[in-house]
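Summary of structural features
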Amino acid sequence: MTESSRIVYRGGTGEITEKKSRFIADIRPVSTEEEALAFIEEIRKKYWDARHHCYAYILGERGQQSRCSDDGEPSQTAGRPMLDVLTGEGLTDVCAVVTRYFGGTLLGTGGLVRAYSGAVKEGLSQCVLMEKRPGRELAVTAGYGDVGKVQYLAAQAGIETLDTVYEADVRFSFLVSLEEEGGFVKKLTEGTAGRAKIQPGDQVFYGMGPDGLVVFR
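Residues numbered from 1 in each chain as written. Predicted model: local features only at pLDDT ≥ 70, side-chain atom pairs only at ≥ 80, totals over all residues. Heavy atoms only, no water.

Under an unreviewed UniProt entry, the name given to the protein chain is YigZ family protein, and the source organism is Candidatus Enterocloster excrementipullorum. Annotation of the protein chain in UniProt includes, under Sequence similarities (unreviewed entry), the sentence "Belongs to the IMPACT family." (UniProt positions renumbered as here; feature names shortened; annotations may be inferred.)

So, about the UniProt feature "domain: Impact N-terminal" (unreviewed entry) in the protein chain. Here, the residues flagged by UniProt with the feature "domain: Impact N-terminal" (unreviewed entry) are residues 19-123. Annotated as 38% helix and 29% strand, the span residues 19-123 places its first and last C-alpha atoms 19 Å apart. (Helix = DSSP H or I, 4+ residues; strand = E, 2+ residues; numbered from the N terminus.)

What follows covers the packing of aromatic side chains. The way to describe two aromatic rings as a pair is by their centre distance and the angle between their planes. Taken as a whole and judged by the stated rule, the model has six aromatic pairs. The interplanar angle of 35° and the centroid separation of 6.4 Å between the aromatic rings of Y144 and Y166 together place this pair among those described as tilted. Within this pair, whereas Y144 is found in the loop between β7 (128-142) and α4 (147-157), its partner Y166 is found in strand β8 (residues 160-166), the two being separated by 22 residues in sequence. Relative accessible area serves as the criterion here: at 46%, Y144 is assigned to the partly exposed category. Considering the side-chain rings of F174 and F184, the 5.5 Å spacing of their centres and the 90° angle between planes classify their relative orientation as edge-to-face. Pair noted here: F174 is in strand β9 (residues 170-177) and F184 is in helix α5 (residues 178-191), with a separation of ten residues, a long-range link. Judged by its relative accessible area of 3%, F184 falls in the buried class. Members of the aromatic cluster, each reached through a chain of ring pairs, are F172, F174 and F184. The ring of F205 is capped by K132, whose NZ or CZ atom sits 5.3 Å from the centre of that ring. (Phe/Tyr/Trp six-rings, centres within 6.5 Å; stacked < 30°, edge-to-face > 60°. Buried < 20%, exposed > 50% of the residue type's maximum accessible area, 1.4 Å probe, protein only. Lys NZ or Arg CZ within 6 Å of the ring centre and 35° of its normal.)

Right, let's talk about the packing of helix α2 (residues 79-88) against helix α3 (residues 108-125) for a bit. For the pair α2 and α3, interaxial distance at closest approach is 8 Å and the crossing angle is 40°. α3 is crossed by α2, and the crossing has right-handed handedness. Judged by residue contacts, P81, M82, V85 and L86 of α2 engage V113, Y116, S117, V120, K121 and L124 from α3. Split by residue class, the contact of α2 with α3 holds eight nonpolar, one polar and one charged. (Axes fitted to C-alpha atoms, helices over the stretch in contact; angles between N-to-C directions. Left-handed = near helix turned anticlockwise from the far one by under 90°. Contact = heavy atoms within 4.5 Å. Nonpolar A, V, L, I, M, F, W, Y, C, P; charged D, E, K, R; others polar.)

What follows covers the state of the cysteines. One way to say it: the disulfide is the covalent bond shared by the sulfur atoms of two cysteines. Considering all chains together, one arrives at zero disulfides under this definition. C68 forms no disulfide, and the closest cysteine sulfur to it belongs to C54, at a distance of 9.7 Å. Of the cysteine sulfurs around C127, a residue in no disulfide, the closest is that of C95, at 11 Å. By relative accessible area, C127 is classed as buried at 13%. (Disulfide = S-S within 2.5 Å.)

Scanning all chains against the criterion turns up twelve salt bridges. Its salt-bridge partner being R44, residue E41 comes within 3.9 Å of it at the nearest N-O pair. Placement of both E41 and R44 in helix α1 (residues 33-46) is noted, with a separation of three residues, approximately one turn of the helix. Relative accessible area serves as the criterion here: at 35%, E41 is assigned to the partly exposed category. Between R217 and E137 there is a salt bridge, with the nearest N and O atoms lying 2.2 Å from each other. Here R217 is found in the segment after β11 (212-216), whereas its partner E137 is found in strand β7, with 80 residues between them in sequence. Residue classification places R217 among the exposed positions, given a relative accessible area of 73%. The exposure class of E137 is buried, given its relative accessible area of 13%. (Salt bridge = Lys/Arg side-chain N within 4 Å of Asp/Glu carboxyl O.)

Written out as structure tokens, the structure is:
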């Protein structure tokens, strides 16, 4: 649990039309193969009267597991191009399903590749993507005389403050990236002459969503 990854934080749906054929791309974040397969089945039931439901998904912190299907389209014209778009975006833990309603005109292999790729790109444009980074929660307890210094050091380093509790002492909860953890702890220790008590907490993933910081516990 030490590597950053790019994910779909919020799924979406996009649609394109090629020579009267409709290509509807539904994209959703998934964390297991079971979730991906359930999503594919959900889309099949939703568009039960469509001719094709092609899909691609990527799973794992480093995208170790991937799978795609042409679902009756000519080989390598649907699932693989869809997977290539997801891979090209650096995404993982994602599933894309493109539903095709045939419009009566054959597109040829090149046309199909462009259509399925284009549908996934359009679907992704309707999603919220996020860089998911590894970090750690730090509990810092300081006396009131050191509060200003702790706050200054956190702000200077761009460290997120999750919570602040004012009692006999002041207890901060910070979220720091794994890369910055050692340096920040050193600055806090030196800046307060060792008076601040620093307790490492859980390792988590975090990212910046449209509404601010998101912590994945």
